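Coordinate inspection notes
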Amino acid sequence: MCGIVGYTGKNQAAPILLDGLSKLEYRGYDSAGLAVRNGSAEAEVVKAKGRLSALSQKTNDGLSLKGTCGIGHTRWATHGAPSEINAHPHNSDDGNVVGVHNGIIENYQELKEKLLKHGYAFYSSTDTEVCIKLVDYYYKKYEGTPIDALNHAMVRIRGSYALAVMFKDYPEEIYVARKDSPMILGVQDGESYVASDVPAILKYTRNVYYIGNLEIAKLEKGKVTFYNLDGDEIQKELTEIKWDAEAAEKAGYEHFMIKEIHEQPKAILDTINSVVKNGKLDLSAVGLSDEDIKSISQIYIVACGSAYHVGVAAQYVIEDIARIPVRVELASEFRYRRPILDKNGLVIIISQSGETADSLAALREAKSMGVKTLAIVNVVGSSIAREADNVFYTLAGPEIAVATTKAYSAQLVACYCLALQFARSCGRLEEAEEQRLLDEMLTIPQKIEKILEDKERIQWFASKQASASDIFFIGRGIDYAISLEGSLKLKEISYIHSEAYAAGELKHGTISLIEDGTLVIGILTQSELYEKTVSNLVECKSRGAYLVGVTTYGNYNTEDTTDFTVYVPQIDTHFAASLAVIPLQLLSYYVSVSRGLDVDKPRNLAKSVTVE
Ligand code: AGP
């Protein structure tokens, strides 16, 4: 996610802003910038693509930028590729307003069209430039105050924002506005600070204000004044931060992984919302026309690790809803087996990082054979994103923990959206059924929130598994796909050997491994396959296994068979993976913690495997 910082006080602003941005690097970014004002002079803006060091170099560690009031930004690209022109701060052409933003302006296209009609021009492809020029437009239209301009803009904007702006007519002051995106304000002896997260200002002050949604604030030197959306002044309590810097980067969570597990509802909602316009699915931005889709004879989903597991789940969903044949392949196999691809096929590469060597090689192999390619990627401008014919960006934000959770979940819903789009384009899905499925998808975030409320029960069970070995995950259909992901999560962060098995396959050999006390986790969300998987669990139980069931509310007779049962809310069977995987993520996390391991950076693993 992007990071914003701001400072107004008696010291030179630029070095403080750079230091603050360096504390936000963990949020992930691809470019950065500063805007600093020296008294009433217009802001001087400096931006750089790449690491923060490039910006430091351009500004001689901030020393070449004079002034005691400024804002800064690290950009995690969502609209517009990583580049200097797209980097923040963004400004109105006459320099009247300059600002930085973290969030997503969902209706930026319609706002851009409105501003174009009023004579505005645009130099970047970002939603933020639209937002800044909208503030400028209202400032001039109402000839009011910055607060007036901001609240008019806030009423018009749909989306999320942590906004920090400076107005030419108001030197030494910074104005901020917030909706959904994180923001913290600090004050200390004649100094005022704004940042996306506590680490950026912890070195300077522990006295902070928490700004609420749809609230505005004016930062003067050592003084912050708050306003509501009507422009009325409101009072806020000052709070003292007790965290240390390291803890603060995780926003109070012990590890990035548990923080990202909790970010899944937002990652899913942002990803779905990125392809929903006026309540309807609209994947035009992905670039596949109806004609393209109708001509697809075969889909090949190619990926690695958890992304591959998304493909296994997606195969069931796309085939069942869109009735297009789907093959799922490991990229490391695909790239060397001289695949025979149908020229009317579509190769879908799924990758969080967009840099996985095997997946990139598979993409190039498909392109060399003249087959259309689509990438589902979380990093804007990554190699796979740039080389694929079409891209569907997941909006999970940067994922820091090596074990993927929120990106996996965002990839899943991206595949659900593709399934609906493919079915509609092929005339295989009635509008009413499509709407029902979309509405059902939109219940996933709140249902995950509900599962997370139950996490202490899973934590209790996990704490008893610290010395477990040889854990089995079994399931049928989509439940098998969930088993694959559950097993990998456990292996990669707890170092406990585990296997995922298609439940019906156990009796063909592996069941010989089951003995007294072996932990077998059965995934039971697919109603049509429920009884069969229960039978497989009973087979394991008769050989001494300890059974855990993951099933949906209502299947309370599961407890007649299993020794420990986790229930998840009911949902259309196609989307069950999005819910059943959550307890498995939590189980793996808590087992790893109970074993005292480095959850976020497990041994031998890298976040992106950019080598073969
Ligand atoms: C999953 O938790 C792992 N970190 C790993 O399997 C990962 O999914 C795989 O390496 C693929 O990475 P990518 O999505 O960035 O291509």
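Quick summary incoming for the structure in this document. (Residues numbered from 1 in each chain as written. Predicted model: local features only at pLDDT ≥ 70, side-chain atom pairs only at ≥ 80, totals over all residues. Heavy atoms only, no water.)

1. Points about the overall build of the protein chain
A tally of helices and strands in the protein chain yields 20 helices and 27 strands. In terms of overall dimensions, the protein chain is globule-like: its C-alpha atoms have a radius of gyration of 26 Å, near the 25 Å expected for 612 residues. With the principal axes as the frame, the protein chain shows a C-alpha extent of 80 × 55 × 45 Å. When burial is assessed residue by residue, the protein chain has 61% of its 612 residues classed as buried. A separation threshold of at least 6 residues defines the contact pool for the protein chain, and within that pool the share at least 24 residues apart is 71%. A total of about 22,900 Å² of accessible surface is found on the protein chain, and carbon and sulfur atoms cover 48% of it. Mean positive and mean negative side-chain charge positions of the protein chain (64 and 81 charges, respectively) differ by 3 Å. (Helix = DSSP H or I, 4+ residues; strand = E, 2+ residues; numbered from the N terminus. Rg over C-alpha atoms; globule rule 2.2 N^0.38 Å. Buried < 20%, exposed > 50% of the residue type's maximum accessible area, 1.4 Å probe, protein only. Contact = heavy atoms within 4.5 Å. Areas by Shrake-Rupley, 256 points an atom, 1.4 Å probe, with all protein chains shown as cover. Lys, Arg positive; Asp, Glu negative; His and termini not counted. Charge placed at Lys NZ, Arg CZ, Asp CG, Glu CD.)

2. A short note on the nonpolar core
Core analysis: the largest hydrophobic core is formed by 122 residues, its most contacted members being Ile348, Phe392, Phe422 and Ile521. Not counting residues up to four positions away in its chain, the partners in contact with isoleucine 348 are Ile299, Tyr300, Ile301, Val302, Leu374, Ile376, Leu418 and Phe422. With 29 residues, the next largest nonpolar core counts Val130, Cys131, Ile147 and Tyr175 among its residues. (Core = buried A, V, L, I, M, F, W, Y, C linked by side-chain atoms within 4.5 Å.)

3. Points about the sheet that holds strand β26 (residues 546-552)
Spatially, five strands are ordered β24-β23-β25-β26-β27 in an open sheet, and the strand pairing comes out parallel. Two strands bound the open sheet, and with one partner strand each, they are β24 (498-502) and β27 (564-568). Here the average twist between neighbouring strands, direction ignored, is 20°. Sheet contacts for helix α18 (residues 478-494): β23 (471-475), β24 and β25 (519-524); angle to β24, the most-contacted strand, approximately 175°. (Pairing = 2+ DSSP bridges. Axes fitted to C-alpha atoms, helices over the stretch in contact; angles between N-to-C directions.)

4. Considerations on the sheet that holds strand β3 (residues 44-49)
Strand order across the open sheet formed by eight strands is β3-β2-β4-β1-β10-β9-β11-β15, with antiparallel pairing between neighbours. With partners counted over all chains shown, the strands left at the sheet margins are β3 and β15 (239-240), one partner each. Here strand β1 (residues 3-8) runs beside strand β4 (residues 69-75); their pairing, made up of six bridges, is antiparallel. Looking at β4, one finds that glycine 6 is bridged to isoleucine 71.

5. Re the site of the ligand
Near the ligand there are 14 residues, and of these Ser351, Gln352, Ser353, Thr356 and Glu492 occur at the shortest range. For the ligand, the protein covers 90% of the area, taking 410 Å² as the surface of the free molecule. Secondary-structure elements contributing two or more residues to the shell around the ligand are α10 (305-322) and α18. Here the residues of the shell around the ligand are counted per class, giving five nonpolar, seven polar and two charged. (Near = heavy atom within 4 Å. Nonpolar A, V, L, I, M, F, W, Y, C, P; charged D, E, K, R; others polar.)

6. With respect to unusual backbone geometry
With omega at 5°, the peptide bond leading from histidine 88 into proline 89 counts as cis. As for its placement among the helices and strands, proline 89 is situated in the loop between β4 and β5 (90-91). Of note in the backbone geometry, arginine 323 takes a positive phi value of approximately 55° without being a glycine. Relative to the assigned elements, arginine 323 resides in the loop between α10 and β19 (326-330). The phi dihedral of tyrosine 495 is positive, around 65°, even though this residue is not glycine. Residue placement: tyrosine 495 occurs in the loop between α18 and β24.

7. A look at the pairing of strand β12 (residues 215-220)
The side chains of a regular strand alternate, first on one face of the sheet and then on the other. Extensive coverage of β12 is indicated by the burial of five of its six residues. Bridge analysis of strand β8 (residues 174-179) against β12 gives five bridges, and the strand direction is antiparallel. Bridge pairing in β12 links valine 176 to alanine 217. As judged from the five bridges shared by β12 and strand β13 (residues 223-227), these two strands associate in the antiparallel manner. By the bridge assignment, glutamate 220 is partnered in β13 with lysine 223. From the end of β12 to the start of β13, which pair antiparallel, there are two residues, and glycine 222 there has a positive phi angle of about 85°.

8. Side note on helix α8 (residues 264-273)
Across the 10 residues of α8, seven count as buried, placing the element largely inside the fold. Residues Gln264, Pro265, Ala267, Ile268, Asp270, Thr271 and Ile272 constitute the buried set of α8.

9. What about the side chain of histidine 262?
Checked against the element boundaries, histidine 262 lands in helix α7 (residues 256-262). Histidine 262 gets classed as buried once you look at its relative accessible area, which sits at 18%. Polar contacts involving the side chain of histidine 262 include one to the side chain of lysine 455, which spans 3.2 Å. Not counting residues within four places of it along the chain, the set of residues in contact with histidine 262 comprises Tyr253, Leu452 and Lys455. (Polar contact = N/O pair within 3.5 Å; in protein donor to acceptor, adjacent residues only side chain to side chain.)

10. A closer look at the packing of helix α14 (residues 406-425) against helix α15 (residues 431-441)
Between two packed helices, both the angle of their axes relative to each other and the distance between the axes serve to describe the pair. Taken N-terminus to C-terminus, the directions of α14 and α15 make an angle of 175°; their axes are 11 Å apart at the nearest point. As the angle between them shows, α14 and α15 are arranged roughly antiparallel. Contacts from Val413, Tyr416, Cys417, Leu420 and Arg424 in α14 reach Glu434, Leu437, Leu438 and Met441 in α15. Class assignment of the residues belonging to the contact of α14 with α15 gives a composition of seven nonpolar, no polar and two charged. (Parallel < 35°, antiparallel > 145°, perpendicular 65-115°, else oblique.)

11. Looking at the packing of α8 against helix α16 (residues 444-452)
It is at 8 Å that the axes of α8 and α16 come closest, and there the two elements cross at 175°. With respect to their mutual orientation, α8 and α16 come out roughly antiparallel. Contacts between α8 and α16 involve Pro265, Ile268 and Leu269 on the former and, on the latter, Ile444, Pro445, Ile448 and Glu449. Each residue belonging to the contact of α8 with α16 can be placed in one class, and the counts come to six nonpolar, no polar and one charged.

12. A word on the pattern of salt bridges
For the coordinates displayed, the defined rule picks out 32 salt bridges. Across the salt bridge formed by lysine 133 and aspartate 93, the nearest N and O atoms sit 3.0 Å from each other. Of this pair, lysine 133 sits in helix α4 (residues 127-142) while aspartate 93 sits in the loop between β5 and β6 (97-105), and the two are 40 residues apart along the sequence. Salt-bridge contacts for arginine 424 lead to glutamate 434; the nearest nitrogen and oxygen are separated by 2.5 Å. Of this pair, arginine 424 sits in helix α14 while glutamate 434 sits in helix α15, and the two are 10 residues apart along the sequence. Assessed through its relative accessible area of 7%, glutamate 434 is described here as buried. Through salt bridges with shared partners, a single ionic network connects Asp19, Lys23 and Lys203. (Salt bridge = Lys/Arg side-chain N within 4 Å of Asp/Glu carboxyl O.)

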